[in-house]
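Reading the structure
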Amino acid sequence: MSRRAVSNDPKGTQVRVHVDPAKCQGHNRCFALAPELFDVDDYGNASERNDGIVPEGLEEKARTAAANCPEFAITVDPA
Ligand code: F3S
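Notes on the structure in this doc start here. (Residues numbered from 1 in each chain as written. Predicted model: local features only at pLDDT ≥ 70, side-chain atom pairs only at ≥ 80, totals over all residues. Heavy atoms only, no water.)

This brings us to the site of the ligand. Taken together, the neighbourhood of the ligand is formed by Cys24, Gln25, Gly26, His27, Asn28, Arg29, Cys30, Gly44, Ala46, Cys69, Glu71 and Ile74. Among the residues making up the shell around the ligand, the classes are represented as five nonpolar, five polar and two charged. (Near = heavy atom within 4 Å. Nonpolar A, V, L, I, M, F, W, Y, C, P; charged D, E, K, R; others polar.)

One can find cysteine 30 in helix 1 (residues 29–33). Excluding residues within four positions of it along the chain, cysteine 30 makes contact with Pro35, Phe38, Ala46, Ala65 and Ile74. (Helix = DSSP H or I, 4+ residues; strand = E, 2+ residues; numbered from the N terminus. Contact = heavy atoms within 4.5 Å.)

Before going further, it helps to spend a moment on the pairing of strand 1 (residues 15–19). Side chains Val15, Val17 and Val19 project from strand 1 onto a buried face, and the interleaved Arg16 and His18 project onto a face without burial. In this structure, strand 1 lies alongside strand 4 (residues 74–78), joined through five bridges in antiparallel fashion. The residue bridging valine 19 from the neighbouring strand is isoleucine 74, located in strand 4. (Buried < 20%, exposed > 50% of the residue type's maximum accessible area, 1.4 Å probe, protein only. Pairing = 2+ DSSP bridges.)

The next subject is helix 2 (residues 59–68). Within helix 2 the residues assigned to the buried category are Glu59, Ala62, Ala65 and Ala66. Along the axis of helix 2, the buried residues cluster in a sector spanning 125°; they form a single face. Set apart from the buried face of helix 2 by more than 90 degrees, the exposed residues are Glu60 and Ala67. Elements in contact with the buried residues of helix 2: strand 1, helix 1, strand 2 (38–40) and strand 4. (Arc of directions from axis to C-beta.)

The next thing to look at is the nonpolar core. Formed by 17 residues in total, the largest nonpolar core has its most connected members in Val19, Cys30, Leu37, Phe38, Val54 and Ile74. Listed by contribution, the elements that provide at least two residues to this core are strand 1 and helix 2. (Core = buried A, V, L, I, M, F, W, Y, C linked by side-chain atoms within 4.5 Å.)

Here we take up the environment of asparagine 50. Within the secondary structure, asparagine 50 is located in the loop between strand 3 (46–48) and helix 2. Along the backbone, asparagine 50 and aspartate 39 are 11 residues apart, and their C-alpha atoms lie at a distance of 9.9 Å.

Moving on: the pattern of salt bridges. Taken as a whole, this structure holds three salt bridges when the rule is applied. In this structure, the salt-bridge partner of arginine 49 is aspartate 39, at a minimum N-O distance of 3.7 Å. Here aspartate 39 lies in strand 2 and arginine 49 lies in the loop between strand 3 and helix 2, a separation of 10 residues in the sequence. Residue classification places arginine 49 among the partly exposed residues on the basis of a relative accessible area of 37%. Between glutamate 60 and arginine 63 there is a salt bridge, with the nearest N and O atoms lying 4.0 Å from each other. (Salt bridge = Lys/Arg side-chain N within 4 Å of Asp/Glu carboxyl O.)

On to unusual backbone geometry, then. Phi is positive for asparagine 28, close to 70°, though the residue is something other than glycine. Along the chain, asparagine 28 turns up in the loop between strand 1 and helix 1. Its relative accessible area of 29% is what places asparagine 28 among the partly exposed residues. Phi at phenylalanine 72 is positive, roughly 55°, even though this residue is not glycine. When its relative accessible area of 64% is taken as the criterion, phenylalanine 72 is described as exposed.

On their own, these measurements won't tell you what the molecule is for.
This is the structure in structure tokens:
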């Protein structure tokens, strides 16, 4: 059985980040902490890269970014 390369969560679950555009106020902490996972537009509002799929080894970065968003705009869930 093959596992997908993006799976390295402690629970063995692939995770995905999501930015709620209605909550994002452009604080940019997510991009500063995890530029591999987020893009920002000209107004500083964030969106998830790669459809939100978190590459292997970056799961903790995803959670750190979510924990540091003052607007609680980021969620990290099983993909
Ligand atoms: Fe927006 Fe939060 Fe990032 S407000 S720019 S999702 S830190």
